[in-house]
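# Summary of the model geometry
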Amino acid sequence: MSAVLRTQLRGVARRPARLLLTGLAVLVASFVVYATVLAQQITERSVLDGLSGTPEAVGLVVRQGTVTTGELAAIGKIPGVAETAGRVDTGGQVGNEYLQISADSSAGPLAITQLTSGRLPKGPDEIVVTPRTVERLGLKVGSTAKVSLRYDEDGKPLAPSTLTVVGVVTGRDDYGFQAYASLPAVSAMSGSNLLNQIDVRLAAGADAGGVRKQIETIVASGTTTVKDGERPQVAAGSDVRLEEARQKVNDVDSVFEVIALFVAIAVVAAGLVAASTFRIVFAQRMRQLALLRAVGAGRGGITWSLAFEGLLTGLATGLTGVLLALGAGHLLPRIAAAFGPDIASPGLPIMPALLTVLLAVVVTVIAVVAPAFTAGKVSPLEALRGAGVTGSRRDIGKLRWVAGVLLVIGAGLLAAFVVRNLPGRDPKNYDPSVNLLAIVASGGLAYLALIALGPVLVRPVLFILGAPIRRSGPVGRLAAGGVGGAPRRAAAVSVVVALGVTLIAGTLVGGASIRILAERESNSSSPADFEMTTNDTLIGADTVRQLQGRRELSHVAPYRRLSVKVAGNESDLDAVDVSFSAVPRLGKLDVVAGKLSSLGPGRVVISGFMSDMTGLSVGDSLTVSQGKRTVPLTVAAKLPDSAPLGAAMVLEPGDLTKLGAPASYSGLLADAAVTGEKGRTDGRKALSDAIGGRPWAIAVLADQRDEINKELTVLLAIALGLIGLTVLIAVVGVGTTTALSVVERVRESGLLRAVGLSQGALRTMLTTESALYGVIGAGLGLVLGVPYAWLAVQALGVNAPLTLPIAQLALVFAILVLLTAAAGVLPARRAAKVSPVVALGAE
C-alpha cells in the first residue's frame, strides 16, 4: 500500500492544479461557510454599539419601575455622580396625527439624540423633531404646532399647547412622530413628576459600588411606584447596554441560523459534485490503476490511496477557501470605508476556520469513498479498456434500481399521506407540523431517488427537452449525443442543478401563492388607499360629494357602522354597509362560501369569526336587531376571517337604515387618482382640505399594504439569494465536469476535427453539452419543485391559492441554462485549440 500511496502522491505533486480543480466545488463551499462566519462577526461587531438605546457614558441605570423627579434630584447630589438624566415620554394630537415627546437634552454624554440643525430647546414650549417627523407632519424649524396634551375625566382634550420647533435631531429611532424636549418641559406637559428611568454618569474615579448602594437606599425609601410586583432596580450601564444590544443581536443570530440551513444544503451539493468529479478523474486514470494492479497492487491498497488523495484534496481546497474568505472579509471594511459606512473587521476566528477545513476534509473523504471503492475493484483487463468505456456505461445495476424504486414508493406514500390529510377550506384547530414534516421527508426521498435513477432518466428527459437542440443541426445532434452517451456523468451534475432549481421553484411558487393570500387579506383590512374616520361627529353627504368631485381622488365610498345583535347571541357585533362594487379591492376578497354579488336587500355577508360565534353558514336565516328594531336576513356569503373594516357583517344600506343607522356616514374610503407617492400626497391633502378643523382622522392604508409587500419581497429575495449558493455550486460542478470531460475525450475531439469539424463548431458543441446539463437539471427541478411547493402551501392551511409564476419559472430555466453554458465556455475553448494530430495521438 505504501508504494501505491507514494505513486499517487508523486502524481499529485506533479499536477497540484488538478487537485484544486477536482475539489473546486468543495473550495467554493469552504469559502461560503467561512465567509458566513465572518459575515456574522462583522455584523455583530458593527452594530452592537448602535443597537443599544443607553448611551455609552451611562454608569448606572435605575429602571424596571417608576421613579420621581425628586429621586432624580437626590441621586444627582450623591458624591461621585457627575450627571443624571431622567427618561419619560408624553404625547398628544397634532390635528389628526399623534406626536410623541420624549425627554432628552440632545447634548452631552447622556444624550440619546444629536442636533443636526437649528438649536436646542430652552423654554418650556420648545421642541426639536426628527427628520421624518419634519416630512410627515410638516413641522419645520420655526413652525408651531398645537398639541392636545391633556384630557379631562371624560377623555375630551383640554386647550391645546402651542409648541415651537427650534431644531432637528437624529436618534436611533425615527418613525415620523418623534419630538424631544427638556425634562422640565416634558414633565410640565404631562402634568406629572413620574419618570420611567434614570441614567447616571459617574465621575472619574468614583466608587461605583458605593454610589449604587446610596441610589438603592434612595429608591427604597422614596415614593417610587412598584412595577410588575418589583421596585425599581439599579443596574450597571454596561449590563443594560449589553442586554439591549444582545436582544437585537439575537435577531441577527436567528437570521444566520436560517442562512446556516441553506449553507448546509450548499455543502451537500458540493459533496455530490465532488463525488461526480472523483468518479470522472478516477475513470480517466484507469490505465495507471490497471498498471498498478498488474505489478501487484491490491484492491485495498488502491482504494486507500485514492481515499487519501481525496483527504489531501479536502485539506488543500478547505485551506484555500478559508484563506480566500479571510482575505475578502478583511478587504470588505476597507472598500466600505471608501464609500462612508464604518464596518468592523471580522478578526481571525481560529476555531471556525479549523472546523471549516475539517468540514471540507470530511465532505471530500465521504465523496471519494464510493468512487475509490469502485476504482479499486476494477480488474486490470477492464481498466485497460480506457475511460471512455467506463464513462459511457448506461446501466445502473440491479441494487441501484431496487433502491431507486423503493425510494420512489416511499416518497409517493408520504405524499399520498399529506394529500389525504390536507385541511379543508376553513380548518379549525389544525396543526400543520405533521404534514410539513412529511413533505420534507417525501421531498428528501424523492431527491435520493433522483440520484439513484438519474442515469436512467437522462436520456428520456434529454429526448423531450433537447429536441430543439437536436433539430438545430449536426452540432446540436453531436452535443445531445455526447450528453446522452455518458448518462452517469450527465446525471451526476444534473441532479445538483435540479436541487437548486427545486428549491428556487418551490420558493417562487410558494412565495407567489402567499403573496396572493396576503393581498386578499390586505384587501379586507386595507381595501383602499385612504380611510377617513370620525369620533363623535359624522360625515355629511355634502362632504362626500365634495370629495367625489376632487380630481386627486377616485373610488370615494362612504360607509356607515352600527353596533347590532344577532338573535341567540348576546354579544354586540359591528355591521357596515360598504359597497363591494364601489371599492375595487373589496371585489377581490376571498370567499369561503357563497358569492359577494349575492348581497342585496334581506341578505348579509358574514365574517368567519361571526360564523364561529353563531354557527351560521351560507343559506341560513338570522334576525339582526338594534334596540327594538329588527331585520330578518339570509346569509349570502361567508368570508374567511373578518369582514371589511374589521366588522362582523356587511349589510345592504337599506337594511342598515331599517335598523336605525343615521343618514350621515361613520367613515369613508378613497383611492388616490394617481399611483405613487405623489398621488398619495395629493390625495391626502384633498382629504385634509375637506376635514378643515374637525377632529377626523386620515389613515393611509396604502402604506400598510406596501409594508406587507415589501416584507414579502425582502424575504423572497433573501431566500433566493441563499438558494443561489446551491446553484453556484452546481454551476461550478458543470464547469469542472466539462473541463474533465474535455481531457477524457481528447481523441474524440481530434477525430471530429479530422473529419472536418471546425474549431468554432467544436466549441459550440462542447458549450451546448454544458447547457444541456442545465436543461436536464432545470427540467427535473421544476418537476419536483412545483408539486412539492403546492403541497407545502396547501399543508399550511392558510387558504392560499396555488399560483404559478410562469414568467419567473421560465426565467429561472433560461438563466440556469445560460449559466451552465457559460461554465463550459473556457473548457470548450481549450479543447478547440488542440491540434487534431496531437489529439489523435493522445492516450
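Residues numbered from 1 in each chain as written. Predicted model: local features only at pLDDT ≥ 70, side-chain atom pairs only at ≥ 80, totals over all residues. Heavy atoms only, no water.

### Re the overall build of the chain
- Along the chain, the regular secondary structure elements total 28 helices and 24 strands.
- The proportion of buried residues among the 843 residues of the chain is 47%.
- For the chain, contacts bridging at least 24 residues in sequence account for 83% of all contacts bridging at least 6.
- When the accessible surface of the chain is totalled, it reaches about 39,400 Å², and 61% of it is carbon and sulfur. (Helix = DSSP H or I, 4+ residues; strand = E, 2+ residues; numbered from the N terminus. Buried < 20%, exposed > 50% of the residue type's maximum accessible area, 1.4 Å probe, protein only. Contact = heavy atoms within 4.5 Å. Areas by Shrake-Rupley, 256 points an atom, 1.4 Å probe, with all protein chains shown as cover.)

### Remarks on the pairing of strand β14 (residues 530-533)
- With 4 bridges connecting them, β14 and strand β23 (residues 667-672) associate as antiparallel partners. Paired with glutamate 531 across the strands is leucine 669, a residue of β23.
- Of the pairings in the sheet, the one linking β14 to strand β24 (residues 697-700) comprises 4 bridges and is antiparallel in character. Along β24, the bridge assignment pairs glutamate 531 with alanine 699. (Pairing = 2+ DSSP bridges.)

### Brief notes about the sheet that holds strand β3 (residues 81-87)
- Taken together, the 4 strands give an open sheet; going across it, the order is β3-β12-β1-β13, and neighbouring strands pair in antiparallel fashion. Each having just a single partner strand, β3 and β13 (233-236) make up the two edges of the open sheet. Shown here is a sheet whose adjacent strand axes are inclined to one another by a mean of 20°, direction ignored. (Axes fitted to C-alpha atoms, helices over the stretch in contact; angles between N-to-C directions.)

### Let's talk about the side chain of asparagine 569
- Tracing the chain through its elements places asparagine 569 in the loop between β16 (561-566) and β17 (573-576).
- Residue class for asparagine 569 comes out buried when judged on its relative accessible area of 14%.
- A polar atom in the side chain of asparagine 569 sits 2.9 Å from the backbone nitrogen of serine 571. (Polar contact = N/O pair within 3.5 Å; in protein donor to acceptor, adjacent residues only side chain to side chain.)

### Some remarks on the sheet that holds β23
- Taken in spatial order, the 4 strands line up as β15-β23-β14-β24 in an open sheet, and their pairing is antiparallel. The open sheet has two edge strands, β15 (553-559) and β24, and neither has a second partner. Recorded for the sheet is a direction-independent mean angle of 20° between the axes of neighbouring strands.
- On the sheet, helix α19 (residues 541-548) packs against β14, β15 and β23 and is oriented at approximately 160° with respect to β15.
- Across the sheet, helix α22 (residues 677-691) touches β14, β15, β23 and β24, and the angle it forms with β14 is around 15°.

### Some details on the environment of serine 664
- Tracing the backbone through its elements, the reader meets serine 664 in the loop between α21 (653-658) and β23.
- Given a relative accessible area of 27%, serine 664 falls into the partly exposed group.
- Expressed as a C-alpha distance, the spacing of serine 664 and leucine 538, which sit 126 residues apart in the sequence, is 5.7 Å.
- For serine 664, the contacting residues outside a window of four places in its chain are Leu538, Ile539, Gly540 and Arg560.

### What about the confidence of the model for the chain?
- Looking at the chain, the pLDDT average stands at 79 and 78% of residues meet or exceed 70.
- Low pLDDT, under 50, characterises residues 386-391; the stretch is placed with 7 contacts to residues that sit more than four places away or in other chains. (pLDDT = per-residue confidence, 0-100.)

### Digging into a nonpolar patch on the surface
- On the surface, Leu348, Ile350, Met351, Leu354, Leu355, Leu358, Val362 and Ile366 cluster together to form a nonpolar patch covering roughly 800 Å² of accessible area.
- Mapped onto the fold, methionine 351 is located in helix α11 (residues 350-376).
- What makes methionine 351 exposed here is its relative accessible area of 52%. (Patch = residues over 30% accessible without salt bridge, like charges linked within 9 Å, V, L, I, M, F, W, Y side chains within 5 Å. Salt bridge = Lys/Arg side-chain N within 4 Å of Asp/Glu carboxyl O.)

### Let's talk about the pairing of β15
- Most of β15 is tucked away, with 5 of its 7 residues classed as buried.
- Judged from the 5 bridges that link them, β15 and β23 form a sheet pairing that is antiparallel. Pairing of proline 558 across the sheet is with leucine 668, part of β23.

### Re the side chain of threonine 543
- Here threonine 543 is to be found in helix α19.
- Since its relative accessible area comes to 7%, threonine 543 is described here as buried.
- Excluding its chain neighbours within four sequence positions, the residues that come into contact with threonine 543 are Ala690, Arg694 and Trp696.

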